[in-house]
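# Remarks on the overall topology
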Amino acid sequence: MVQPSDSRPIMKPFEPTLTNQLSMPRLALRSHHLNDSRTGARGLLGRLGSAGAALAVLGALSLPCSPVLSQTAAGQAAEGKPAKTASAKTKANKTNKAAKPKKAVRPATKATAAAGAAGAAVVALIGTGPAYAERAEAMEFADELARQHQLPKESLRQTLGRARQSPQVITLMQPATAPFVKNWRVYRSRFLDSWRIQAGLAFWQQHHKELARAESVYGVPAEIIVGVLGVETIYGREMGRFRVIDALSTLAFDFPAAHPRAAERSDYFRKELAQFLLAQNRLGLDPFKALGSYAGASGIPQFMPSSIATFAVDFDGDGRIDLRGSVSDAIGSVARYMQAYGWKTGMPTHYPVLLKSEADMATLLAPDILPTFSLADFQSKGAALEGPALAHRGPLALIELLNGKEPPSFVAGTENFYVITRYNWSSYYAMAVIDLGAAVAQRMQAKP
Ligand SMILES: [Ca+2]
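Since the model is a prediction, treat every value here as computed from it, not as a measurement. (Residues numbered from 1 in each chain as written. Predicted model: local features only at pLDDT ≥ 70, side-chain atom pairs only at ≥ 80, totals over all residues.)

## Quick word on the overall build of the protein
When helices and strands are counted, the protein shows 22 helices and seven strands. Put simply, the protein has 448 residues, and 56% of those count as buried. When contacts within the protein are restricted to residue pairs at least 6 apart in sequence, long-range pairs at least 24 apart make up 74% of them. (Helix = DSSP H or I, 4+ residues; strand = E, 2+ residues; numbered from the N terminus. Buried ≥ 20, exposed ≤ 12 C-beta atoms within 10 Å, placed from the backbone. Contact = placed C-beta atoms within 7 Å.)

Structure representation (structure tokens):
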């Protein structure tokens, strides 16, 4: 596997764009900032991704999490996005709408596990802008990549030259123009609808052996994996339909200049584009057949190319990593990702917290989601804990989830809560993953 240039690859950077419109968690933004100094380019961009996320996000409230916008997601996002999105209703979106799967409960059969993509007829969203052969900087990028990795220059030029700019991707990445109201309750309801929970139950029942094996090998609970895959792509049903090469090229060379951190984002996506091209070349795959979110994340877990290179595993042992077609590989890869970011087996993700009226909120909220306070420190500042939390070892963070005009929700986040935000830099995302996984687990216990 090719190691990404950055030692701390992020899966889906968090992109405040679409998401923001509705309820994009500001925390997520803050969390990037927390990390920016260490990760450099990957700040803001989130993962716009996955269809599921996109869907939920967009349509719902935010594209919180995942950077992958499937066609469907994009379409819905556009629809859910008030005025501005109307312009995003491209021809492609309309086409997608027609192909949009109904939100009906379907049993997660093997055939549908990787649904949407591989087998079923999926209409790819191909860029409608100019081909990158016309762009000098894109060709220079190809030359440099060829030089660094001793690859045939002409071949790489031809490949990248055929990638096409996607105006739709540019639109989706535009910074939000209107303030959006962050609302955890609304956000949560988008991911914890009965349909998704039912899909999660079917998924867990069908893949319980692989989930148990992943838990055994990596120490990450099945319900966290189930939560991630449900929020990301509804268990493979919505993996995104943008041509990855178009999405990444567009974000690498035409990232919206209006974005406050456009230069960093461009740099981030150039690295992802390089990872993508190198992997396709190494595996002998046609780079024009890879589909994913509008941010270039792909597969059931919506991994960015650098995360595939670093964390993905061949969990079914067939000799290749296939995050789109192999549920087993997807399950193992999510678990390994969490393990790599420091998942502590047996540690809860969060605890209920009661804030006293005299709580030192400024101090408690200052570190954002980064676990910082000892149990004693936390309590002395007015964040009261009880029960099992009193036996907790390790730092805690006060997680604030805004609820629009209603009072915010708070929990005490542990180091494992923080690990989930490494998958997607948003506390709202992490909480949705946790709650979805818990809801499905509850159903499993009632009906194993
Ligand atoms: Ca495999």
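## Comments concerning the packing of helix α8 (residues 136-149) against helix α9 (residues 153-162)
Direction vectors running N to C along α8 and α9 enclose 140°, while the axes themselves pass 9 Å from each other. In terms of orientation, α8 and α9 fall into the oblique class. Here the hand of the crossing between α8 and α9 comes out right-handed. Of the residues in α9, those in contact with Ala138, Met139, Ala142, Asp143, Leu145 and Ala146 of α8 are Lys153, Leu156, Arg157, Leu160 and Gly161. Within the contact of α8 with α9, the residues separate by chemical class into seven nonpolar, one polar and three charged. (Axes fitted to C-alpha atoms, helices over the stretch in contact; angles between N-to-C directions. Parallel < 35°, antiparallel > 145°, perpendicular 65-115°, else oblique. Left-handed = near helix turned anticlockwise from the far one by under 90°. Nonpolar A, V, L, I, M, F, W, Y, C, P; charged D, E, K, R; others polar.)

## Some thoughts on the pairing of strand β6 (residues 397-403)
Counted residue by residue, β6 has six buried out of seven residues, so it is predominantly covered. With six bridges joining them, β6 and strand β7 (residues 406-413) adopt antiparallel strand pairing. Looking across to β7, one finds that glutamate 400 is bridged to phenylalanine 410. Hairpin connection from β6 to β7: two residues lie between these consecutive antiparallel strands, with glycine 404 at a positive phi of about 65°. (Pairing = 2+ DSSP bridges.)

## Some words on the environment of phenylalanine 315
Locating phenylalanine 315 in the fold gives a position in the loop between α17 (305-311) and α18 (327-340). Taking C-alpha positions, phenylalanine 315 is 4.6 Å from aspartate 329, a pair spaced 14 residues apart along the chain. Ignoring any residue separated from it by four or fewer positions in sequence, one finds phenylalanine 315 in contact with Ala214, Ser328, Asp329, Ile331, Gly332 and Ser333.

## Thoughts on the packing of helix α14 (residues 222-233) against helix α22 (residues 427-446)
Put simply, α14 and α22 touch, their axes get as near as 7 Å, and they point 115° apart. Remark: the crossing between α14 and α22 carries right-handed chirality. Note on element contacts: α22 touches α14 through Tyr429, Ala432, Val433, Ile434, Leu436, Gly437, Ala438, Val440 and Ala441, opposite Glu223, Ile224, Val226, Gly227, Val228, Gly230 and Val231. Looking at the contact of α14 with α22, its residues break down into 12 nonpolar, three polar and one charged.

## A closer look at the pairing of β7
Across three bridges, strand β3 (residues 350-352) lies against β7 in antiparallel orientation. Paired with proline 352 across the two strands is valine 411, which belongs to β7.

## Focus: helix α11 (residues 184-191)
Every buried residue belonging to α11 is among Trp184, Tyr187, Arg188, Arg190 and Phe191, and all of these are buried. Along the axis of α11, the buried positions cluster into a sector of 155°, meaning they face one direction only. (Arc of directions from axis to C-beta.)

## So, the nonpolar core
Ile225, Leu248, Leu251, Ile331, Val334, Ala432 and Val433 are the most contacted members of the largest nonpolar core, which has 104 residues in total. Top contributing element to this core by residue count: α22, with 10 residues. Contacts of alanine 432, omitting those with residues within four sequence positions, involve Tyr187, Arg188, Phe191 and Val231. (Core = buried A, V, L, I, M, F, W, Y, C linked by C-beta atoms within 7 Å.)

## Observations regarding the environment of serine 293
Secondary-structure assignment places serine 293 in the loop between β2 (291-292) and α17. Serine 293 sits in the buried class, given 39 other C-beta atoms within 10 Å. Separated by 168 residues in the primary sequence, serine 293 and leucine 125 place their C-alpha atoms 10.0 Å from one another.

## Focus on the sheet that holds β6
Strand pairing in a sheet relies on backbone hydrogen bonds. The paired strands run either parallel or antiparallel. Spatial ordering of the open sheet is given by β3-β7-β6, a layout of three strands whose pairing is antiparallel. Each having just a single partner strand, β3 and β6 make up the two edges of the open sheet. Strand-to-strand twist across the sheet, computed as the mean angle between neighbouring axes with direction ignored, equals 40°.

## Let's talk about the confidence of the model for the protein
Of the residues in the protein, 73% have a pLDDT of 70 or more, and the chain-wide mean is 79. Predicted confidence for residues 1-119 stays below pLDDT 50, and this span has 370 contacts to residues more than four positions away or in other chains. (pLDDT = per-residue confidence, 0-100.)

## Some details on unusual backbone geometry
One non-glycine residue, tyrosine 235, lies in the positive phi region at around 60°. Residue position: tyrosine 235 is located in the loop between α14 and β1 (242-243). Residue class for tyrosine 235 comes out buried when judged on the 27 C-beta atoms lying within 10 Å of it. Not every positive phi belongs to a glycine, and aspartate 368 is a case in point at roughly 60°.

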